[in-house]
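Results of the structural survey
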Amino acid sequence: MPTPLPTGGQTIEARGLTKQYGAKRAVDGLSFDVKPGQVTGFIGPNGAGKTTTMRLILGLDHPSGGGVAVGGKPYRQLPAPMREVGALLDARAIHPSRSAYHHLLILAQSNGIPRRRVGEVLGIVGLEDAAARRVGGFSLGMGQRLGIAAALLGDPAVLMFDEPVNGLDPEGIVWIRKLMRSLAAEGRTVFVSSHLMSEMSVTADHLIVIGQGKLLRDEGTSEFVQSSLERWVRVRSPQLAELTTQLQKAGARVRPGTDQSIEVGGLDSPAIGDLAAASGVTLHELATEHASLEDAFMDLTHDSTDYRASEPAA
Amino acid sequence: MTAASNVDTPGVAKPGYRPASFTDALHSEWTKARTVPSTRWTLITAAILGIGIGVLVSGLTAHQYARDTASARSLWDPTALSGAGLVIAQLAIGVLGIVIITSEYATGAIRTSLAAVPRRGRFLGAKAVMIAGLAFIAAEIITFAAFFIGQALISGHAPTASLSQPGVLRALIGYGLYEALIALLGLALGALLRHAAAAIAVLVAIIFILPAIAGALPSSMEHTVEKFWPTQAGQQVTVVGSTSNELPAWAGFGVLCLFVAIVLTAAFVALSRRDT
């Protein structure tokens, strides 16, 4: 059991959250809870509305409909917001001629956070040696670490990270993964967006999947992986037409495969083999294929992708 | 002892920190202002213009006094001469007010700032108090420096002004108050327009161009426009004497205060309603 925080966990609650920009509905009736004590992955293709949702949570944008609260209150009404919610949105959105130390000091002062905490968070993200340097000269990864330091300043119960691994090297990615896991283990609410399914599958306990502003899935990562990794069996036979009829009668899903084969879903290979034997159909190949999680995610969000490359002509 | 008295009341536990205050926001705004080089450079520019031009005008005009006619001598105003640079320095002060907010929009830092201080009134109010205070102090330093150096140069060539003469101290304090209002006007325009170039254009129009255009109006209208134009009226507080054509010092300053209050209110409404 994780040690509970002194302030108790805080939940992010979105209810019918909607944001309309002109003719485009960026966020479309989203309802979800982000719970304490776990890492919740917020995942969808680019342009799905993840950043807009996070801006709505922070009260930066006004919802066109519905609402969202943190710990039962709209963000703008929190008495000391950085003590309750730490957010990394756009790490580059910093005045470039200020030092890292001053950037954090300004944020700390605005919420009555003691000055010594600035040094502490610089230590946590490994930027002590860069404290006096101008932020404008920071690499993308250093900027990202500074943004994470800012989020941690108020020791908040809720943390939100928008695409935190962007620009981080492999070492940095492992570091932030561990950081998020440990923050959740302390009982904090950790809400992290990504467009990379593979990244989220190893970091998140729970997934909220959106596409074109709409909620597609809201379930545990293991459930999502289970349900997504449906196996398809590739079958070759000189009597494909007859076999297809028999398979469909047995309730299997059949789709054309490459090079005179079919792919069968809903039946495993022994069952297909038995069915073929019982119908007197000769099989030339029977092979189980594993879909990747990334494929499953692309299938799920395919219809809701705004911008995608057209399939290359075969 | 009843069971109820033993029951903890969950949910009412006080958080382990105090709520953030206006003073916290003000403290943060001051740190913002002093940790970017643009603040220093804008103030140095204001000082060079304000003191330099005031001293130059005082020195040059003093030597002219001996050749002036009696009617020209009756308009002799040594306080206005040493304060002449403040008319130009107000541009730098106004730009300081503009940049203090437009730089946040330009860099995107506005989102970080408003996530830290989500109450729009507190955010804008802290910026306003900080910039008005900074502009007032800077303008007073410039004003008094220009005054003492200017009067020293005039001394021996023409009558000088001194703090004990009626209206002189009020005029010198008035320069600081006027510049504070110009800084606030800059802040309000910057918050409304979000782009430095646009806000500077509007500020220059308000201070210099529109009053100049009023000169093309028929003279009766021209007088009314000049009398009540906010920045013209506001400058009366920096004038030692008074003329029958202009509003009295504090009434004129009141007109400027009202105008700036309206633009600031518009900026607050825009900041509250707009997406960031």
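Not measured: the values here are computed from a predicted model.

Regarding its fold elements, chain B presents 12 helices and 0 strands. Over its C-alpha trace chain B gives a radius of gyration of 23 Å, far above what one expects of a compact globule, namely 19 Å for 276 residues. Structurally, chain B occupies a C-alpha span of about 95 × 40 × 40 Å along its principal axes. By the burial criterion, 46% of the 276 residues in chain B qualify as buried. Restricting the contact set of chain B to residue pairs at least 6 apart, pairs at least 24 apart contribute 79%.

Scanning chain A for helices and strands turns up 11 helices and 13 strands. Along the first, second and third principal axes, the C-alpha atoms of chain A reach 80 × 45 × 40 Å. For chain A, the residues scored as buried account for 44% of the 314 residues in total. Long-range pairs, those at least 24 residues apart, make up 71% of the contacts in chain A with a sequence separation of at least 6.

Moving on, we come to unusual backbone geometry. In this model, Glu163(A) sits at a positive phi of 45°, which is unusual for a non-glycine residue. Relative to the helices and strands, Glu163(A) resides in the loop between β6 (158-162) and α6 (170-185). At Arg194(B), a residue that is not glycine, the phi angle is positive and equals roughly 65°.

We now examine the environment of Glu29(B). Residue and element names in this part refer to chain B. Inspection of the secondary structure assignment puts Glu29 in helix α1 (residues 22-34). Placed 94 residues apart in sequence, Glu29 and Phe123 show a C-alpha to C-alpha distance of 8.7 Å. When sequence neighbours within four positions are dropped, the list of residues in contact with Glu29 reads Ala126, Lys127 and Met130.

The end-to-end C-alpha distance of helix α7 (residues 120-154) of chain B, which contains 35 residues, comes to 49 Å, matching closely the 51 Å that a straight helix rising 1.5 Å per residue would cover. Positive backbone phi, at 95°, marks Gly156(B), one or two positions downstream of α7(B).

Our focus in this paragraph is the interface of chain B and chain A. Across the boundary between the two partners, chain B contributes 30 residues, which contact 32 residues of chain A. Among the elements of the structure, α1, α5 (85-107) and α6 (109-116) of chain B are those that each provide at least two residues to the side of chain B that touches chain A.

On to the environment of Val254(A), then. Residue and element names in this part refer to chain A. Topologically, Val254 is positioned in strand β11 (residues 253-256). On a C-alpha basis, the gap between Val254 and Ser110 in space is 61 Å, while along the polypeptide they are 144 residues apart. Apart from residues no more than four positions distant in its own chain, Val254 is found in contact with Thr244, Leu247, Gln248, Ile262 and Val264.

All names here are of chain B. Contact geometry for α5 and α7: axes closest at 11 Å, N-to-C directions at 160°. Considering the angle they form, α5 stands roughly antiparallel to α7. By crossing handedness, the relation of α5 to α7 is classed as right-handed. On the side of α5, the interface is formed by Gly85, Leu86, Ala89, Ile93, Leu96, Gly97, Ile100 and Ile101, while α7 contributes Lys127, Ile131, Ala135, Ala139, Ile142, Thr143 and Ala146.

All right, on to the domain arrangement of chain A then. What the domain assignment reports for chain A is domain 1 (12-227) and domain 2 (230-290). Between domain 1 of chain A and domain 2 of chain A, the C-alpha centre-to-centre distance is 46 Å.

Moving on, we come to the sheet that holds strand β1 (residues 12-21) of chain A. All names here are of chain A. Spatially, the 3 strands line up as an open sheet ordered β2-β1-β4, and their pairing is antiparallel. Two strands close off the open sheet at either side, each with one partner strand: β2 (24-34) and β4 (65-70). On average, each strand axis in the sheet is inclined to that of its neighbour by 20°, with strand direction left out of account. As judged from the 7 bridges shared by β1 and β2, these two strands associate in the antiparallel manner. Bridge pairing in β2 places Ala14 opposite Phe32.

With that settled, consider the pairing of strand β8 (residues 206-211) of chain A. Residues and elements named next belong to chain A. The element β8 is largely enclosed, with a buried count of 6 among its 6 residues. Going residue by residue along β8, you find His206, Ile208 and Ile210 tucked away on one face and Leu207, Val209 and Gly211 tucked away on the opposite face as well. The pairing of strand β3 (residues 38-43) with β8 spans 4 bridges and is parallel. Each residue of the ladder has a partner; that of Gly41, found in β8, is Leu207. In this antiparallel pair of consecutive strands, β8 and strand β9 (residues 214-220), the connection spans 2 residues, and Gln212 shows a positive phi of 45°.

Okay, the nonpolar core next. The nonpolar side chains of a soluble globular protein tend to be buried with one another. Counting residues in hydrophobic clusters, the biggest one holds 159 residues, and the most contacted among them are Leu104(A), Ile131(B), Ala135(B), Leu184(B) and Ala188(B). For Leu184(B), the residues in contact, after removing those within four places along its chain, are Gly97(B), Ala128(B), Ile131(B), Ala132(B), Val260(B) and Leu264(B). Counting residues in each nonpolar core, the second largest holds 9 residues, with Val235(A), Leu267(A), Ile272(A) and Ala276(A) among its members.

Residue and element names in this part refer to chain B. In the predicted model, chain B carries a mean pLDDT of 91, and the fraction of residues at 70 or more is 95%. Between residues 1-14, whose pLDDT stays under 50, and residues either more than four places distant or in other chains, the model counts 0 contacts. Here the predicted complex carries an ipTM of 0.89, next to a pTM of 0.86.

The subject of this paragraph is the sheet that holds β3(A). Residue and element names in this part refer to chain A. Pairing in this open sheet of 6 strands is mixed, and the strands run β5-β6-β7-β3-β8-β9 from one edge to the other. Only two strands of the sheet have a single neighbouring strand rather than two, namely β5 (85-88) and β9. Recorded for the sheet is a direction-independent mean angle of 15° between the axes of neighbouring strands. Both β5 and β6 contribute to a ladder of 4 bridges, which runs parallel. Along β6, the bridge assignment pairs Ala87 with Met160. Contacting β3, β6, β7 (189-194) and β8, helix α1 (residues 50-57) crosses the sheet at an angle of about 150° to β6.

Here the focus is the environment of Lys227(B). Residues and elements named next belong to chain B. By the secondary structure assignment, Lys227 is in helix α10 (residues 219-228). Using a count of 15 C-beta atoms within 10 Å as the deciding quantity, one classes Lys227 as partly exposed. Separated by 32 residues in the primary sequence, Lys227 and His195 have C-alpha atoms spaced 31 Å apart. In this structure, Lys227 is in contact with Ala233, Asn245, Glu246 and Leu247, ignoring residues within four places of it in sequence.

About the criteria used
- Residues numbered from 1 in each chain as written.
- Chains lettered and ligands numbered in written order.
- Predicted model: local features only at pLDDT ≥ 70, side-chain atom pairs only at ≥ 80, totals over all residues.
- Helix = DSSP H or I, 4+ residues; strand = E, 2+ residues; numbered from the N terminus.
- Rg over C-alpha atoms; globule rule 2.2 N^0.38 Å.
- Buried ≥ 20, exposed ≤ 12 C-beta atoms within 10 Å, placed from the backbone.
- Contact = placed C-beta atoms within 7 Å.
- Expected span 1.5 Å × (residues − 1).
- Axes fitted to C-alpha atoms, helices over the stretch in contact; angles between N-to-C directions.
- Parallel < 35°, antiparallel > 145°, perpendicular 65-115°, else oblique.
- Left-handed = near helix turned anticlockwise from the far one by under 90°.
- Domains from an automatic or database assignment.
- Pairing = 2+ DSSP bridges.
- Core = buried A, V, L, I, M, F, W, Y, C linked by C-beta atoms within 7 Å.
- pLDDT = per-residue confidence, 0-100.

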